[in-house]
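# Survey of secondary and tertiary structure
Residues per chain, in single letters:
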Amino acid sequence: MNTQTVDLLGVGIGPFNLSIAALASTKPDLSTLFLERKKAFAWHPGLLLNDAKMQTSYLKDLVTGIDPTNPYSFLNYLVEQQKLYPFIASGQSVISRIEFSHYLSWAAHSLNNTRFNQDVQSVEFNGDVFTIETSEHSYQSKHLVVGTGMQPQVPTFCEPHISNTCFHASELGLRKPNLTGKRVAIIGGGQTGADVFQHLFDKTFGEVADINWISRRSNIEALDESCFTDQYFMPDYVDGFYHLAQTTKNSEVSRQKLTSDGITNDCLQGIYQRLYHDRYVLNNPSWWSIQPNRTLISLAHNENGYKLHLEHGLTHDNTQINADVVILCTGYRRALPSCLSKLASQIPLNSQGLPELCPDFSVKWPAANNNRIYMVNAGIHSHGIAEPQLSLATWRAAKIINHASGKNLYEIDQQEAIVDWGLSSPEVLIQPKAKAAV
Ligand SMILES: Cc1cc2nc3c(=O)[nH]c(=O)nc-3n(C[C@H](O)[C@H](O)[C@H](O)COP(=O)(O)OP(=O)(O)OC[C@H]3O[C@@H](n4cnc5c(N)ncnc54)[C@H](O)[C@@H]3O)c2cc1C
């Protein structure tokens with residue numbers, strides 16, 4: 001069989017590479033192909049819970065931010081599915097995650113430059129071209145774009161307990177556990193923790209005996225989604241942020257955490273109203289507990305279930321709770337995908353074991369002049385808080401397409417922004433000022 005050769009090959013088909021695939025599909029100047037290991041498109045399938053909502057507007061889809069005339073917009077999906085008018089009448093400004101996933105799947109399977117059931121197992125570089133091997137085929141490409149997503153993060157001391165009764169939330173909808181009569185502990189106070197709490201409260205997985213919702217955060221904290229917060233998710237901010245000193249970037253990313261890791265106000269209010277009704281209207285005996293400011297410090301298992309040891313963040317008191325099932329809503333981590341291991345010796349890695357990225361999202365590596373390895377969702381510490389979000393995924397996709405083609409296929413110059421960040425010195429590394437001596 002002939003080896004197919006393209007200009008840009010994408011590894012992984014999540015929303016971020018899919019945005020590149022959709023925008024590239026109308027640009028014959030750049031030949032592209034995107035490979036996905038799953039048999040069919042699926043977007044975080046274990047967390048496609050019935051009542052889970054998007055955190056971002058449906059206008060932040062695969063293409064609209066850059067080219068609303070592209071056929072793979074959310075609005076065109078509504079038209080093609082013959083549901084535009086019913087959608088408009090529904091008055092929703094935020095759609096369900098299930099519907100967004102249907103939209104992504106429609107795009108992924110309509111595009112001609114996507115292939116499924118293609119687990120990329122290795123990538124080699126011969127000085128001129130990348131050779132990409134899946135279990136089925138071999139491909140060649142001038143450039144690569146790695147969009148393999150993030151891996152579920154599990155506290156090390158929980159790893160030995162991973163089982164049907166202790167698992168990461170990303171598997172919840174796939175495992176479909178029967179939680180009837182079970183004492184359940186939910187660990188983690190972000191959006192996923194809230195979604196899981198809400199669905200357990202609503203008996204999605206059976207009528208639980210009790211729920212303990214544990215969060216290290218000092219309260220159950222809302223997503224910071226004000227119009228000025230949204231300015232962090234603008235191209236000019238990302239461009240300026242890139243040129244800050246690394247220590248400044250790290251502290252800004254952690255200060256801005258709630259702009260992407262908080263819980264939507266709708267979700268919080270929905271949960272709060274359920275709790276109020278349960279406790280103060282129905283006067284039900286206590287069967288749930290919300291415990292912020294507690295860190296899970298160890299986990300043990302015996303014939304009576306799990307013992308979870310918690311430490312209070314303010315008093316440092318240690319307490320213990322018991323559970324039959326532990327659901328870990330403990331986030332995700334970035335790692336270099338194993339399919340790049342043959343290139344690993346050629347790619348300098350930073351202290352987190354990840355490649356450094358250039359402003360154009362390509363990896364800093366010796367062959368970078370002619371053969372680029374772009375990475376998406378890998379640059380929160382270089383490009384800032386917008387990196388793991390959908391908000392600027394189309395802008396990043398267009399930037400990568402322009403760069404890989406060496407042409408201005410998409411206009412990405414931005415209008416003047418509302419906020420003057422004072423960060424517009426791309427040539428100069430902005431160093432933090434030394435603190436004045438006291
Ligand atoms: C539950 C959940 C809800 C979210 N909701 C929002 C939201 O509302 N708004 C927002 O802005 N952001 C949201 N995010 C954040 C972000 O938009 C998503 O995580 C998004 O899916 C990231 O896209 P991705 O393309 O980087 O990775 P993924 O969606 O993880 O896709 C990566 C793909 O690569 C494939 N793959 C991996 N390795 C290989 C290989 N070797 N060969 C072939 N294929 C491979 C995987 O199978 C996978 O399909 C959410 C995140 C989660 C977890």
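Structure's up top.
Attention in this report is confined to the structure presented alongside it.

### A short note on the state of the cysteines
Per the counting criterion, the structure on display carries 0 disulfides. Cys158 supplies the cysteine sulfur nearest to Cys166, a cysteine that is in no disulfide, at a spacing of 5.3 Å. With a relative accessible area of 0%, Cys166 lands in the buried category.

### Comments concerning the environment of Gly331
Note on placement: Gly331 falls in the loop between β15 (325–328) and β16 (332–333). It is 9.4 Å that separates the C-alpha atoms of Gly331 and Met150, two residues lying 181 residues apart in sequence. Leaving out residues up to four positions away in the same chain, Gly331 has contacts with Gln151, Pro152, Gln153 and His168.

### Points about helix α12 (residues 393–405)
A rise of 1.5 Å per residue sets the reference length of α12, with its 13 residues, at 18 Å; its end C-alpha atoms lie 18 Å apart and thus fit the reference within 8%. Counting buried positions along α12 gives 12 out of 13 residues, so the element sits mostly inside the fold. Every buried residue belonging to α12 is among Ala393, Thr394, Trp395, Arg396, Ala397, Ala398, Lys399, Ile400, Ile401, Asn402, Ala404 and Ser405, and all of these are buried. Of the residues flanking the end of α12, it is Gly406, one or two places downstream, whose phi is positive at about 70 degrees.

### Details of the sheet that holds strand β12 (residues 294–302)
With antiparallel pairing, the 3 strands of this open sheet are ordered in space as β12-β13-β14. The open sheet has two edge strands with one neighbour each: β12 and β14 (318–323). Averaged over all neighbouring strand pairs, the angle between strand axes comes to 25 degrees, with direction disregarded.

What counts and what doesn't
Residues numbered from 1 in each chain as written. Predicted model: local features only at pLDDT ≥ 70, side-chain atom pairs only at ≥ 80, totals over all residues. Heavy atoms only, no water. Disulfide = S-S within 2.5 Å. Buried < 20%, exposed > 50% of the residue type's maximum accessible area, 1.4 Å probe, protein only. Helix = DSSP H or I, 4+ residues; strand = E, 2+ residues; numbered from the N terminus. Contact = heavy atoms within 4.5 Å. Expected span 1.5 Å × (residues − 1). Pairing = 2+ DSSP bridges. Axes fitted to C-alpha atoms, helices over the stretch in contact; angles between N-to-C directions.

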